[in-house]
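Coordinates in review
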Amino acid sequence: MSHVFHRHLKQQYPTAVAGDGPWLIDSQGRRYLDACGGAAVSCLGHSDSEVQEAISEQVQRLAYAHSSFFTTEPMEELADFLVAHAPEGLESVYFVSGGSEAVEAALKMARQYFLEIGQPQRRHVVARRQSYHGNTLGALAAGGNAWRRKPFEPLLLEMSHVSPCYAWRHQWADESEADYVERLAAELEERIEQLGPENVMAFVAEPVVGATLGAVPAVNGYFRRIREICDRHGILLILDEVMCGMGRTGSLFAAEQEGISADLITIAKGLGAGYQPIGATLVSARIRDAIANGSGFFQHGHTYIGHATACAAALAVQQAVQSRGLLARVRTLGEGLNQRLQQRFAEHPHVGDIRGRGLFRGLELVADRDSKAPFDASLNLNGRVKMAAMEQGLMCYPAGGTLDGRQGDHILLAPPFILDESHLDEIVDRLGRAIDQALP
Ligand code: PMP
């Protein structure tokens, strides 16, 4: 028996031993086409020689230097790269080791910002239901995912949650897009009024919802409206791009497609593409300057901030994304994947919706195609699809919003950017077989 404490203690997993581009290979020699990048992580596939070389060079030169004594060259270069490509106003980068840490840092930075500028009562955070922002206690509190939160209540932050914004037409069938945006804006305004705008610190949202709903972008104009509300009330906007950022949707930052910037943006996953654990919080000049000119010290930190090897890996990943023109490739392949999904599943009796951007696509599985009624939660259908897909030699991610108001079963696809068209056919074929095998 393995001594690994695995999260799913009743399940057995194959042992992954090697990677080959978009494939993972287990100890029995079985090959799995990675159609989800693990969890939207492995954007360069699994054996990129340029990244491998960058890591080994860095390890030989200097693996690690503690950030309270030094910065390092890869850390400085990676920060320069990110700021050069980030939405307007984001001018500093705080490095961490993953997505939850990036969210924790953003929340604490927002809090410290208001302390520094003499508004200590601004503590309340508003986020959205059906969201996931990480599993550490602060990030868990921010997420609007009832079943994850419940066992750990009372949580650490003063939080409230408002409705998410669905790009799926059937969620707001009798309204225009503009009216839908206005309804969500009115709900947020009302919540802010109830809390007292002077008490609200931040609004947190994923530009494209990933882990809970499966690649759901907001409708047109929603984020511009949110930005405007935050600005009017002096509330900070934190965009969580841990899953949808770093090129996944076809632009380096998903916020670019919304035409807005943010006060803080969190990234991870695709930043290091799984070659090293790394995340980051991008910080606006206003927040950085308030802390720099105030106490001069951000009251937060971890041992592996700006880990030299992790930064070298992420820098090599991002240079590869740029030099190989992979953002354009994400857009083209994303269209190709969408077309194939539409062809294969648009008439499927148990597929309620197909949506997404770039190489970030989701399928909603429903019991009834017309009413969009979900399957019974006890079936764990998306989990069954995941296991059936593994039997078909395919990795797909079971996104599930089992929440205040169950939101059904969703399958998330987030494959590496380095695929070719034949891999898209393979993904859709294998997924089709897995769904049909898993259906009750
Ligand atoms: N935010 C979002 C939007 C995520 O999707 C995730 C991970 N699924 C996290 C935060 C947490 O990241 P990590 O698992 O690296 O801590």
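Computed from a predicted model, the values in this text were never measured in an experiment.

**Points about the site of the ligand**
As a structural note, the neighbourhood of the ligand is formed by 15 residues, with G98, G99, S100, V242 and M243 the closest of them. Per-element tally for the shell around the ligand: the top contributor is helix α4 (residues 99-116), with three residues. The class makeup of the residues in the shell around the ligand is seven nonpolar, six polar and two charged.

**Describing the pairing of strand β14 (residues 360-365)**
The side chains of a regular strand alternate between both faces of the sheet. Of all six residues in β14, six are buried; the element is thus mostly enclosed. Burial along β14 is two-sided: the face carrying F360, G362 and E364 and the face carrying R361, L363 and L365 are both buried. Pairing of strand β13 (residues 351-357) with β14 involves six bridges; the strand directions are antiparallel. Bridge pairing in β14 places D353 opposite E364. Taking the residues that link successive antiparallel strands as the turn, the β13-β14 hairpin has two residues, and the phi of G358 there is positive, at about 55°. Relative to strand β17 (residues 409-413), β14 is paired through five bridges, and the arrangement is antiparallel. What sits directly across from G362, in β17, is L412.

**Details of helix α3 (residues 73-85)**
Taking 1.5 Å as the rise per residue, α3 with 13 residues should run 18 Å; its terminal C-alpha atoms sit 19 Å apart, in good agreement. At its buried positions, α3 is contacted by α2 (49-61), β4 (90-96), β12 (279-284) and α11 (308-323).

**Quick word on the domain arrangement of the protein**
According to the domain assignment, the protein consists of domain 1 (16-48 + 325-438) and domain 2 (52-323). The C-alpha centroid of domain 2 is placed 25 Å from the C-alpha centroid of domain 1. Taken residue by residue, the interface counts 35 residues in domain 1 and 34 residues in domain 2. Mapped onto the side of domain 1 that touches domain 2, the elements with two or more residues apiece are α1 (37-40), α12 (326-345), β13, β14, β16 (397-400) and β17. The leading source of residues in the side of domain 1 that touches domain 2 is α12, at five residues. Among the residues forming the side of domain 1 that touches domain 2, the class breakdown is 16 nonpolar, eleven polar and eight charged.

Here is what the cut-offs are and how they apply
- Residues numbered from 1 in each chain as written.
- Predicted model: local features only at pLDDT ≥ 70, side-chain atom pairs only at ≥ 80, totals over all residues.
- Near = placed C-beta within 6 Å.
- Helix = DSSP H or I, 4+ residues; strand = E, 2+ residues; numbered from the N terminus.
- Nonpolar A, V, L, I, M, F, W, Y, C, P; charged D, E, K, R; others polar.
- Buried ≥ 20, exposed ≤ 12 C-beta atoms within 10 Å, placed from the backbone.
- Pairing = 2+ DSSP bridges.
- Expected span 1.5 Å × (residues − 1).
- Contact = placed C-beta atoms within 7 Å.
- Domains from an automatic or database assignment.

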